[in-house]
Amino acid sequence: QVQVVESGGGLVQAGGSLRLSCAVSGRTGSRFAMAWFRQAPGKERKFVAGISWSGEDKDYEDSVKGRFTISRHNAKNTIYLQMNSLKPEDTAVYYCAASDYGIASRQEYTYHYWGQGTQVTVSS
């Protein structure tokens, strides 16, 4: 059984930084594409960033380009989201997702495994 566990959320002031981590376990040898989504209060969950199995292909939602960086360490079955220059509008629950497809997508339905989420709060 595949498990996805996020960590690293917290409270930070505007302009600050946080790094989220996501560990995947339960099935060795899988070539997951991975992504981060977020859900702000009262809003739908939305794509933030995605990365292919190889790490060569990355995709970012426009509002985080230049501020967030997604990366992965396959030997550790872990991906990261480095978030810099945080803004109050980045406040949300951040979810990590894994897809059996090797290429990251912006569509939620292409992801087979989800974490429970980690809260990120950016104060003004």
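About the criteria used
- Residues numbered from 1 in each chain as written.
- Predicted model: local features only at pLDDT ≥ 70, side-chain atom pairs only at ≥ 80, totals over all residues.
- Heavy atoms only, no water.
- 1 Å grid on protein atoms, 1.4 Å probe; cavity = no way out; pocket = protein on both sides within 12 Å on 5 of 7 lines; lining within 4 Å.
- Points joined across faces, edges and corners; volume = space filled by probe spheres on them.
- Helix = DSSP H or I, 4+ residues; strand = E, 2+ residues; numbered from the N terminus.
- Nonpolar A, V, L, I, M, F, W, Y, C, P; charged D, E, K, R; others polar.
- Disulfide = S-S within 2.5 Å.
- Buried < 20%, exposed > 50% of the residue type's maximum accessible area, 1.4 Å probe, protein only.

S.K.: What is the right way to look at the layout of surface pockets in this model?
M.R.: Where empty space is left in the structure can be found by rolling a water-sized probe over the atoms. Each pocket or cavity is described by its volume, and for the largest pocket that value is around 250 Å³. Around the largest pocket, the lining is made up of 15 residues, and of these R38, K46, E61, S63 and E89 lie nearest the centre. Those elements giving two or more residues to the lining of the largest pocket turn out to be β4 (33–39) and β5 (46–51). For the lining of the largest pocket, a count of residues per class yields three nonpolar, three polar and nine charged.

S.K.: How should I be thinking about the state of the cysteines in this particular structure?
M.R.: Cysteine pairs can be covalently joined through their sulfur atoms, and such a bond is termed a disulfide. As enumerated under the stated definition, the model contains one disulfide in all. The side chain of C22 participates in a disulfide bridge whose partner is C96; the two sulfur atoms lie 2.0 Å from each other. Looking down the S-S bond of the C22 and C96 bridge, the torsion is -80 degrees, so its handedness is left-handed. Remark: C96 occurs in strand β9 (residues 92–99) and C22 occurs in strand β3 (residues 18–25); sequence separation between them is 74 residues. With relative accessibility at 0%, the residue C22 sits in the buried group.

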